[in-house]
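Analysis of the macromolecular model
Residue-level listing of the chains:
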Amino acid sequence: LRRQLDHSGSLSTVGQMAASIAHEIRNPMTTLKGFVQLMEVTATGDTAKYLQVVDDELQRMESILKEMLMLSKPSEEKNSEFSLGVLITKVLEIMKPKAMFESIHIDWHDASFCNSMIYSNADKLKQVLLNIFKNAFEAMEPGGVLTLKLKKAENDSFQLTVSDTGKGMSTVQIQSIFMPFFTSKPEGTGLGLPFVLKTMEDLGGAIAVTSKPDEGTTFTLAFPQNCLEQKTSFQHNSAN
Ligand code: ADP
Ligand code: MG
């Protein structure tokens, strides 16, 4: 099953709404946190236990708000020239301790991709990759394998496939995963993939997904070379 996605219109509306709600909720929450922490200082016995629960839940609310704000933040124009292969390697470094702890094998050979230069927003792409990798990890059992392949596509863009051997998804599930707040996890926020989709669209890229229940999932990300390509072609045939 393959689906190409385009919900950018509805996403920006939801994004704006999410941003204003997140802002409104953040202030009273800061007050709540302050008072809970104050009470924790003197609390004993059961009260201390209950306050810890309140504190933890406030923490969770805060991380949801953070993700909501990230989703709705307008994409800043902080583009630069960098190697996609090197960025992928760097982001995988962040995942390594988790991979070791959960006995997940990462299959990625970056040697030949030092030349995968693109002109894009590295910070945003880092967040995109982290979200995709995190989801893959969360879908896999110990012994799972995460396989990454980067290749040059016909139109001079780079294509990255990220395959996991996780629990996979049904056709119905795939139709919902890019919608804000859709999650199948008890502790999920459902904001990771909407962020991924929005960012890929903002940066002129694309994302597609194929999956099979109980076998695994493959996300395919296309990264345009963007201005790098334009710059080069401009130099080569400035008559155009
Ligand atoms: P969250 O991770 O908080 O649930 P996401 O937006 O990142 O939110 O993902 C939405 C849902 O998409 C997940 O809850 C899961 O059901 C599904 N999903 C995403 N990636 C995978 C994957 N690699 N394997 C299986 N299911 C996935
Ligand atoms: Mg996620």
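Residues numbered from 1 in each chain as written. Chains lettered and ligands numbered in written order. Predicted model: local features only at pLDDT ≥ 70, side-chain atom pairs only at ≥ 80, totals over all residues.

The secondary structure content of the protein amounts to seven helices and eight strands. Across the 240 residues that make up the protein, the buried fraction comes to 26%. Put simply, of all contacts in the protein between residues at least 6 apart along the chain, 74% involve residues at least 24 apart. (Helix = DSSP H or I, 4+ residues; strand = E, 2+ residues; numbered from the N terminus. Buried ≥ 20, exposed ≤ 12 C-beta atoms within 10 Å, placed from the backbone. Contact = placed C-beta atoms within 7 Å.)

For the rest of this paragraph, the subject is the confidence of the model for the protein. Averaged over all residues, the pLDDT of the protein equals 85, while 84% of them reach at least 70. Ignoring residues within four places in sequence, the model shows residues 1–9, a span with pLDDT below 50, making 16 contacts including any to other chains. Across the predicted assembly, pTM comes out at 0.78 and ipTM at 0.99. (pLDDT = per-residue confidence, 0-100.)

What follows covers the site of ligand 1. Surveying the vicinity of ligand 1 reveals 21 residues, the closest of which are Asn 135, Ala 139, Thr 183, Gly 188 and Gly 192. The element best represented in the shell around ligand 1 is helix 4 (residues 122–139), accounting for four residues. (Near = placed C-beta within 6 Å.)

Moving on to the packing of helix 4 against helix 6 (residues 192–202). One can describe the packing of helix 4 onto helix 6 by two numbers: an axis separation of 9 Å at closest approach and a directional angle of 140 degrees. Crossing hand, helix 4 versus helix 6: left-handed. Residues Lys 124, Gln 127, Val 128, Asn 131, Ile 132, Lys 134 and Asn 135 of helix 4 form the contact with helix 6, whose participating residues are Gly 192, Leu 193, Phe 195, Val 196, Thr 199 and Met 200. Its residues placed into classes, the contact of helix 4 with helix 6 shows six nonpolar, five polar and two charged. (Axes fitted to C-alpha atoms, helices over the stretch in contact; angles between N-to-C directions. Left-handed = near helix turned anticlockwise from the far one by under 90°. Nonpolar A, V, L, I, M, F, W, Y, C, P; charged D, E, K, R; others polar.)

Okay, helix 4 next. The end-to-end C-alpha distance of helix 4, which contains 18 residues, comes to 26 Å, matching closely the 26 Å that a straight helix rising 1.5 Å per residue would cover. Three or more residues of helix 4 are buried, namely Lys 124, Leu 125, Val 128, Leu 129, Ile 132, Phe 133, Asn 135, Ala 136 and Ala 139. Mapping the buried residues of helix 4 onto a view down its axis gives an arc of 165 degrees, with all of them on the same face. Buried positions along helix 4 lie against helix 3 (84–101), strand 4 (117–120), strand 5 (145–152), strand 6 (158–164), helix 6 and strand 8 (216–223). (Expected span 1.5 Å × (residues − 1). Arc of directions from axis to C-beta.)

Of note, Glu 67 is situated in helix 2 (residues 45–72). Look at Glu 67 and you get buried, because 20 C-beta atoms sit within 10 Å. Spatially, the C-alpha atoms of Glu 67 and Leu 191 are 6.5 Å apart, while their sequence positions differ by 124 residues.

Residues Leu 84, Ile 132, Ala 136 and Val 196 are the most contacted members of the largest nonpolar core, which totals 34 residues. Residue assignment for this core shows that the elements contributing at least two residues are helix 2, helix 3, helix 4, strand 5, strand 6, helix 6, strand 7 (206–212) and strand 8. (Core = buried A, V, L, I, M, F, W, Y, C linked by C-beta atoms within 7 Å.)

Once that is clear, we can look at unusual backbone geometry. Positioned with a positive phi, Ser 103 is a non-glycine residue whose angle comes to about 50 degrees. Topologically, Ser 103 is positioned in the loop between helix 3 and strand 3 (105–107). Look at Ser 103 and you get exposed, because 11 C-beta atoms sit within 10 Å.

What follows is about the pairing of strand 4. Burial along strand 4 is one-sided: the face carrying Ile 118 and Ser 120 is buried and the face carrying Met 117 and Tyr 119 is not. Strand direction decides the pairing type here: strand 2 (residues 80–83) and strand 4, joined by four bridges, are antiparallel. When the sheet's bridge partners are listed, Ser 83 is paired in strand 4 with Met 117. (Pairing = 2+ DSSP bridges.)

Now for the packing of helix 3 against helix 4. In the contact formed by helix 3 and helix 4, the axes pass within 10 Å of each other and the chain directions differ by 40 degrees. Compared by their axis directions, helix 3 and helix 4 come out oblique. Crossing geometry of helix 3 relative to helix 4 is assigned as right-handed. Taking contact as the criterion, the partners of Leu 87, Ile 88, Val 91, Ile 94, Met 95 and Lys 98 in helix 3 are, on helix 4, Ala 122, Leu 125, Lys 126, Leu 129, Leu 130, Phe 133 and Phe 137. Across the contact of helix 3 with helix 4, the residue classes tally to eleven nonpolar, no polar and two charged. (Parallel < 35°, antiparallel > 145°, perpendicular 65-115°, else oblique.)

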